[in-house]
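A structural walkthrough
As a plain string of letters, each chain reads:
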Protein chains: 2
Amino acid sequence: MVTASKPLRADAARNREKLLAAATQLFAERGLDVPMEHIARRAEVSIGTLYKHFPTREDLVSAIFPERLAALDVIGEKALVDQDPWHAFVVYLEDLYALQAEDRGLNDILARDLPNAPEVVSACHRGAGHAETLIMHAIAGGGLRPDFSITDMATLTRAMAQVIRDSPGEWRRFLSIYVDGLRAQ
Amino acid sequence: MVTASKPLRADAARNREKLLAAATQLFAERGLDVPMEHIARRAEVSIGTLYKHFPTREDLVSAIFPERLAALDVIGEKALVDQDPWHAFVVYLEDLYALQAEDRGLNDILARDLPNAPEVVSACHRGAGHAETLIMHAIAGGGLRPDFSITDMATLTRAMAQVIRDSPGEWRRFLSIYVDGLRAQ
DNA sequence: ACAAAACTTGAGGGCACCCTCGACTTAACC
DNA sequence: GGTTAAGTCGAGGGTGCCCTCAAGTTTTGT
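Analysis parameters
Residues numbered from 1 in each chain as written. Chains lettered and ligands numbered in written order. Predicted model: local features only at pLDDT ≥ 70, side-chain atom pairs only at ≥ 80, totals over all residues. Heavy atoms only, no water. Helix = DSSP H or I, 4+ residues; strand = E, 2+ residues; numbered from the N terminus. Contact = heavy atoms within 4.5 Å. Core = buried A, V, L, I, M, F, W, Y, C linked by side-chain atoms within 4.5 Å. Buried < 20%, exposed > 50% of the residue type's maximum accessible area, 1.4 Å probe, protein only. Near = heavy atom within 4 Å. Polar contact = N/O pair within 3.5 Å; in protein donor to acceptor, adjacent residues only side chain to side chain.

The helix and strand inventory of chain A stands at 9 helices and 0 strands. Taking the principal axes of its C-alpha atoms as reference, chain A extends roughly 60 × 35 × 20 Å. Expressed as a percentage of contacts within chain A between residues at least 6 apart in sequence, the contacts between residues at least 24 apart total 67%.

This next bit is on the nonpolar core. Ile39 and Phe89 of chain A together with Ile39 and Phe89 of chain B are the most contacted members of the largest nonpolar core, which totals 115 residues. With 10 residues, helix α5 (residues 85-102) of chain B is the largest single contributor of residues to this core. Sequence-distant contacts of Phe89 of chain A, defined by excluding residues within four places in its chain, comprise Leu134, Ile135, Ala138, Leu144, Phe148, Met153 and Leu182 of chain A.

Now for the protein's contact with DNA strand C. In the neighbourhood of DNA strand C, 21 residues make up the surrounding shell, with Arg9, Asn15, Ser46 and Thr49 of chain A together with Tyr51 of chain B lying closest. At the protein interface, 66% of the atoms of DNA strand C within 4 Å belong to sugar or phosphate. A distance of 2.9 Å separates a phosphate oxygen of DNA strand C from a polar atom in the backbone of Ser46 of chain A. Here a base oxygen of DNA strand C and a side-chain polar atom of Arg9 of chain B are 3.1 Å apart. Mapped by element, the contributors of at least two residues to the surface near DNA strand C are α1 (10-30) and α3 (47-53) of chain A together with α1 (10-30), α2 (36-43) and α3 (47-53) of chain B. Residue contributions to the surface near DNA strand C peak at 5 residues, all from α3 of chain A.

Spelled out as structure tokens, the structure:
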């Protein structure tokens, strides 16, 4: 899958890397809406060069986020080996939102449903798959209220995105109250 | 306080009303960020006239929202006469978010903390006062977890704003889970 | 060292929104 | 009805972002 279709010229390869580095930083700091001009400037490259390498913002996103989203798989798999299904589920939520809180771009991706890039979409689906399994196990184990669904989790995730955006210090507190509402009974 | 400083000319008074009506509609439908041009167009008035009457968006907001925010007082006072303090608190939350769900402009005002207009600010303070009393009573009554604070409520409100924006059908469900997390014990 | 191909550059056109201001219109008062 | 202050109008200037493309530069292969 490394499809090195056409080998880039030396300067082009260098600029591509500088662009990716700049975009990675800025997406994390300021979210996916950061102006293209800012990315080009931080990469010390002209706006035209940015568009040569990445004709759309989507292209940039899909070049960057598959790696970021791999972290989702890591926490998902970590949770799946946990013996206590309720504990696994809670830890998963904590890890997920900690990730979101660290990266505004990731927060944006998980909040809105705009990631049209196929690799991003599939990573999100994998994440949802993990979540669904964890939910089922936690319900079966009797810890999680039986009516909790993946839809509720999506809603929670969007709500958390907002909390993280405007009061980053509050998300753990917010989550802990919500989680108390999730216990069976 | 009706300060009819200078009596408006007949046409001006008419236009002012048309502008207020248009803005009230559009704020409720599309939120506070609706373009000024749209408001003028819906009022069938030129953009210049809009700016003559309301030099800033803030002026428009503070002409419209005090009335809307009075609804907050109504639900606050309704809740305060409820005998059961836990029930009062829960009903207050439900009424509040139902209000938010009906009016995107109100949702915006309560979510972001941008309402600089003095009358809007004071209405929000009154609302927060009611909320704080209800919280104290509900804690004293033993229904609400004792560590719940007005800060938590502000966080919840912003989270709800987001839920209402991107999945208006989900807010009751979301609230009910959160409220389950709020019971004492 | 040269030519061709690949790449870079930034001025500039487009768009959506903001807001202003001078020329026109109209209500109000005599 | 005429005067004039009050009000209306909308073209247009400003900003910030989008994206393109013709002209210039650099790498690569010979």
